[in-house]
Amino acid sequence: LQMLQEISMILLGSTINVYTTDYTSYEEMIRIRLTSQEERWSRWSYDILDLDGDGQDEMIWREDDRYSIYTIVDGTVCCYNMIYDGTITVCGNGIVQAVVHYGPENYTIRFYRLNSGKIELVDYLRYDVDIDPQSKWFHSSDLTGQDFTLEHISEMEAKSIIASYDPIEISMTPIADYPFSQ
């Protein structure tokens, strides 16, 4: 039974791994991007800093209004796989807030902890007018976000949870300004 519970937790996504790329450095990744048409360069920007305090810098990459976060694990650039379409906000202590909209009014807010090439979902909120138009905020007690795990919370409780994760300032730099080594 314990093994079944452990497998269920993995399948439900409480700890999510990263996907690897073919790059060995952020510089290599950026150099390849700069081989594309110059008019596309304005769509891309980046910031590099150690988000989780493990001594390995992460790269925050913006393409249009989509953000990705990369890290280097065993000499390979890897992307933290949190969202496919949505926004992220970098918070302190290795936390990233990911907001994904579904439908015209509904959205989820997930808080992930970055940890040396892995991410762990640490908090899950949902704003959903379709489930209960009178009480639109929900919290998932087991972090899966499955409907059967949702608990009603007040708007004040939701705002309190969101405020407990402190956003940090990031300074996105145009890709063309990357300081390449010679």
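The notes below deal with the structure included here. Remember, it's a predicted structure, so these values are computed and weren't measured experimentally. The residue numbering used here restarts from 1 in each chain and proceeds along that chain's sequence as written. Local features in this predicted model are restricted to residues whose pLDDT is 70 or higher, and side-chain atom pairs enter the listing and the counts only when it is 80 or higher, whereas totals over whole chains, interfaces and linings include all residues. By convention in this description, side-chain values take in all heavy atoms of the structure and omit both hydrogens and water.

## Examining unusual backbone geometry
You will see that N93, though not glycine, has its phi angle at about 60°, which is positive. The secondary structure listing takes helices from DSSP runs of H or I that are at least 4 residues long and strands from runs of E that are at least 2 residues long, numbered from the N terminus. Locating N93 in the fold gives a position in the loop between β6 (87-90) and β7 (95-102). Positive phi is not limited to glycine here, since S116 has a value of about 45°. Note on placement: S116 falls in the loop between β8 (106-115) and β9 (118-127).

## Considerations on helix α2 (residues 26-33)
In this scheme, a residue with accessible area under 20% of its type's maximum is buried, one over 50% is exposed, and one in between is partly exposed, where area comes from a 1.4 Å probe on protein chains only. Within α2 the residues assigned to the buried category are Y26, E27, M29 and I30. One face of α2 carries all of its buried residues, which in axial projection span an arc of 160°. Only heavy atoms enter the contact rule, under which two residues are in contact if any of them lie within 4.5 Å. If you follow the buried residues of α2, they end up packed against β2 (44-49), β3 (58-63), β4 (66-73) and β5 (76-80). As used here, the arc is the angular range of directions from the helix axis to the C-beta atoms.

## What about the packing of aromatic side chains?
Pairing of aromatic rings covers Phe, Tyr and Trp, the last through its six-membered ring, and needs centres within 6.5 Å; plane angles under 30 degrees mean stacked, over 60 mean edge-to-face, and all others mean tilted. The final tally for this structure, using the stated rule, is seven aromatic pairs. Taken together, a centroid distance of 6.3 Å and an interplanar angle of 35° make the contact between W44 and W61 tilted. Taken together, the positions of W44 in strand β2 and W61 in strand β3 put the pair 17 residues apart, joining distant regions of the chain. W44 gets classed as buried once you look at its relative accessible area, which sits at 3%. The interplanar angle of 85° and the centroid separation of 5.9 Å between the aromatic rings of Y107 and W137 together place this pair among those described as edge-to-face. Linking Y107 in strand β8 with W137 in strand β10 (residues 137-140), this pair joins segments that are 30 residues apart in sequence. Both residues of the pair, Y107 and W137, belong to the buried class. Taken together, the ring pairs in this structure connect Y46, Y178 and F180 into an aromatic cluster.

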